[in-house]
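Summary of structural features
As a plain string of letters, each chain reads:
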Amino acid sequence: MRPILSLFLTLLVSATTLAQQVEDFTFLQISDMHLNPRPEGQPYDLNGRSIENLQWIASQTNQPQHLTPYNITAPAPDLAIITGDLLEYSVIGETWNDLYRVLNILPTDNYLLAGNHDNTWASINHKLREHFGGDNYAFFHKGIHFIQINSAGLLEPLPAIERRTLTWLEQQLKRIGTETPIVLSLHHPLIGSNSFASEFDTLRLHELLRGHNIILIMDGHWHNAQTRKWHHFDSVCGGTTFGDNTGYSTLSILDNTLRVAYRFKNPDRPMQGLIEKPLTTKPPHLDTQLLLPPRLEHNQTLRVGLRIDAPQSHINAVNLRINGNPESSTPLKPVNDTWMASINTSNMVPGRHFATIDIQHADGETFTRAGEFLIQPDPQVMSYDLQRMDAGSKTTPTLLDQGVAVADTNGLVLVYNHDLSLRWYTSTGAQIVHSLTRHNDQLLVGSDDGTLRFYLATTGRLDATYNAKAPIYAPAVAANNTIYLADASGRVHAINHETAKPIWITKAADYAIEQAPLITKDLVIVGAWDGMIHVLDRATGEKRWSAWSAKGQTDRQSRYYGPADSPLVAIDNNLFVTDRGYVLGQFNLDGDFIRTLDTDISAISSSQDGPAFYARAVDNRLIKFNAQGDKLWETPVPTGRLPTPPTQRGNIVAVTSNDGLLSILSASDGSLINQLRVSPGTYVQAAPAIDAQGRIHVVDLDGVLSRIQLHPQP
């Protein structure tokens, strides 16, 4: 082992050499502008949110910047990193043009990131792809490698570091090595937020970054200016361009020293110094080797090891936690050159889990490692197989005669055989959200470039395309020989399947439609992000009626609580709709609001065993209702706020928790049959699919397709 002192000196010499290659320059951080939405046909608002303040920033940044806390004057800024929440309600109508109308007055080259307000009710990812090559992208400037990653959920306000981002980042880091100074930018703070699925969501990112020369992390979201440390990396929050904290950050690299200061527009508030540090020192790093078995058999003991490149006398303690639970903390003890611990897994739910190890160094620093492991279920009870992908998925797995199809957020369509071997795949070159549907021998795939593609399911041959002229998030629905499709501009399309030509197109809403249209005998029904339910004539596309969702009927009428992210259910003359306010309402098909059924429902789905439907509750319940909206049964089971509906086939119902605990229940009475973790603590945002043999298929944002098979019990 190398002594700690010599290791430190080696890192210092390397960092000093690279710091000497960094030129003096200045850049800005601007964050959380929240520009107002402008639907099609509405006039531009010269007095909209943040516009006047951005004009002030432009007037102040076309000149050298005096950083009062450090008594230095930095050169005029070269570039600006804008760390998300560019828009209040995403890229609706003319809003993107309005954004660049404002940004073009800034004297800098401007680099943009997605925030949760940019990617919840629609997504700006296709716009970032057009301007920067992707929503994750990097560039090199005067000796600094700038890396921008997307932490915003995809049509979901909760943040996520999904597998697509990790795959891309790993490739970036391999190319630039461990010594190059890096500024990493993302919207969501990595510390102090409980919005990620679990700590493992961000620890996967840390596993890639550890050992690299991350000189600064820039984030937003909190609308204030502050500095914190995430593990050993300095981070700054970029403030906002409206409200009491209006201002911008100036970041100066001068004489191998990084300085960050936030200037408030309010002249009574002094400039706030945030960071001043030399570039010649890398973040602290401890070389370790994590020994974690990737797979355990049923009831097998988990043995975790950690080799540390430091004398044991330099280590105060090493502790292991399972799935982030502090009550599971177990000390590791030194055995020869390895710190070891053993965990009894007999009481753990089978499936995917994560382990976290915290190393307390004698110098006061704490270093962290994390990894995933799998516990196989009892082979007498069920079997579990999985297939790993390079990106996460939000499409419900689509069942085929030969296997199963999924689509990932990189825009790949992947078809797997029954044994989960890959049959074929193809790239759309765009991002796929929910839009994957089987119709006869074809797969219908919609993407955010506005194209609906018709693939032959057996081979992947592209048979036809349809241009919706707006991003497609929702799955298409096939009825007879007509394909019904909704898009992000609020339009609904009826398409002739044989010709791939429109029969009719109706502008149903000014805001996006995220979920599949509901088709009845005479109607096409959609929920939109304008807060409304819209009902069209199936034959002509003529609008029959519109109504506020249950939240708007009983409380606040707001597009933020739209009925757009859960499927709709119609039984006889009853229409059941839940919304982002989690209010489940009952309407009739003439548009009359009848009653509220529950006030904590995040998603609903149809039953397959008669006129009934299921509801997933925010507060960890699964409910079955009959055709009149009365409860048949209710079971406490981990669910959550994500609009991921349950799925039923035969006598089983499958539902996932936010962070990937799959629960399998009896459809007849709601009794729990079994559970398995299909994710180690990342979000699951697609409904399960159950095939004719009872095999349950689930995808997650970590890029894993899981397949679970229950075995008959005597």
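A short tour of the structure in this document, coming up. Chains are numbered independently. Their residues run from 1 in the order of the written sequence. Side-chain atom pairs in this predicted model are given and counted only at pLDDT of 80 or more, local residue features only at pLDDT of at least 70, and totals for whole chains, interfaces and linings cover all residues. Only hydrogens and water are set aside; all other atoms, that is, all heavy atoms of the structure, feed into the side-chain values.

Moving on to the packing of aromatic side chains. Between 30 and 60 degrees the pair is tilted, below 30 it is stacked and above 60 it is edge-to-face, where a pair is any two Phe, Tyr or Trp rings, Trp via its six-membered ring, whose centres lie within 6.5 Å. Tallying each qualifying case throughout the model produces 22 aromatic pairs. Look at Y111 and F132: their rings are 6.0 Å apart centre to centre, the planes differ by 35°, and that puts the pair in the tilted class. Remark: F132 occurs in helix α5 (residues 125-132) and Y111 occurs in strand β5 (residues 109-112); sequence separation between them is 21 residues. Pair check on accessibility: Y111 and F132 agree, each one buried. Look at Y614 and W633: their rings are 6.0 Å apart centre to centre, the planes differ by 55°, and that puts the pair in the tilted class. Placement of Y614 in strand β46 (residues 612-617) and of W633 in strand β48 (residues 631-636) is noted, with a sequence separation of 19 residues between them. Of the two residues examined, Y614 and W633, each falls in the buried class. Each residue in the set F25, F27, Y111, F132, Y137, F139 and F146 is aromatic and connected to the rest through ring pairs, giving one cluster. In this structure, R269 packs its charged tip against the face of F264, placed 3.8 Å from the ring centre. Runs of E in the DSSP output that reach at least two residues are strands. Runs of H or I that reach at least four are helices, and both are numbered from the N terminus. In this scheme, a residue with accessible area under 20% of its type's maximum is buried, one over 50% is exposed, and one in between is partly exposed, where area comes from a 1.4 Å probe on protein chains only. The criterion for a charge sitting over a ring is simple: Lys NZ or Arg CZ within 6 Å of the ring centre, and within 35 degrees of the ring normal.

A separate point is the sheet that holds strand β9 (residues 214-219). A pair of strands counts as paired when DSSP detects no fewer than two bridges linking them. Ordered by their spatial adjacency, six strands build an open sheet running β6-β7-β8-β9-β11-β10, and the pairing between neighbours is mixed. Two strands lie at the open edges of the sheet, namely β6 (137-141) and β10 (225-230), each paired on one side alone. For this sheet, the mean angle separating the axes of adjacent strands, direction not counted, is 20°. In this sheet, strand β7 (residues 144-148) lies alongside β6 in antiparallel orientation, the contact comprising five bridges. Across the sheet, residue F139 finds its bridge partner in β7, namely F146. Any two residues whose heavy atoms approach within 4.5 Å at even a single point are treated as in contact. Fitted lines through C-alpha atoms give the axes, limited to the stretch in contact for helices. The angle between two N-to-C directions lies from 0 to 180 degrees. Helix α7 (residues 199-209) contacts β8 (182-185), β9, β10 and β11 (233-238) of the sheet and is inclined by roughly 75° relative to β10.

Moving on to α5. Along α5, the residues classified as buried are N125, H126, K127, L128 and F132. Taken together, the buried residues of α5 touch α3 (95-103), β5, α4 (116-119), β6 and α6 (163-176). Directly after α5, the chain includes G133, whose backbone phi takes a positive value near 90°.

Our focus in this paragraph is the packing of α6 against α7. Viewed as axis vectors pointing N to C, α6 and α7 meet at an angle of 10°, and their least axial separation amounts to 10 Å. When the axis of α6 is compared with that of α7, the two are roughly parallel. On the side of α6, the interface is formed by R163, L166, L169, E170 and L173, while α7 contributes R204, L205, L208 and L209. In terms of residue class, the contact of α6 with α7 is built from six nonpolar, no polar and three charged. For classification, angles of less than 35 degrees are called roughly parallel, those exceeding 145 degrees roughly antiparallel, those between 65 and 115 degrees roughly perpendicular, and all remaining angles oblique. In this classification, Asp, Glu, Lys and Arg are treated as charged, Ala, Val, Leu, Ile, Met, Phe, Trp, Tyr, Cys and Pro as nonpolar, and every other residue, Gly included, as polar.

For the rest of this paragraph, the subject is the pattern of salt bridges. Any carboxyl oxygen of Asp or Glu that lies within 4 Å of a side-chain nitrogen of Lys or Arg is treated as forming a salt bridge with it. Overall, the coordinates contain 40 salt bridges when judged by the stated rule. As a salt-bridge pair, E52 and K265 come within 3.9 Å of each other at their nearest N and O atoms. Of this pair, E52 sits in helix α2 (residues 51-60) while K265 sits in the loop between β13 (257-264) and β14 (272-278); the two residues are 213 residues apart in sequence, bridging distant segments of the chain. Among the salt bridges present, the one from D358 reaches R321, with a minimum N-O distance of 3.0 Å. Of this pair, D358 sits in strand β22 (residues 351-361) while R321 sits in strand β18 (residues 315-322), and the two are 37 residues apart along the sequence. For R321, a relative accessible area of 15% puts it in the buried group. The structure contains a network of salt bridges with shared partners spanning R163, D201, R204, R352, E372, R388, D700 and D702.

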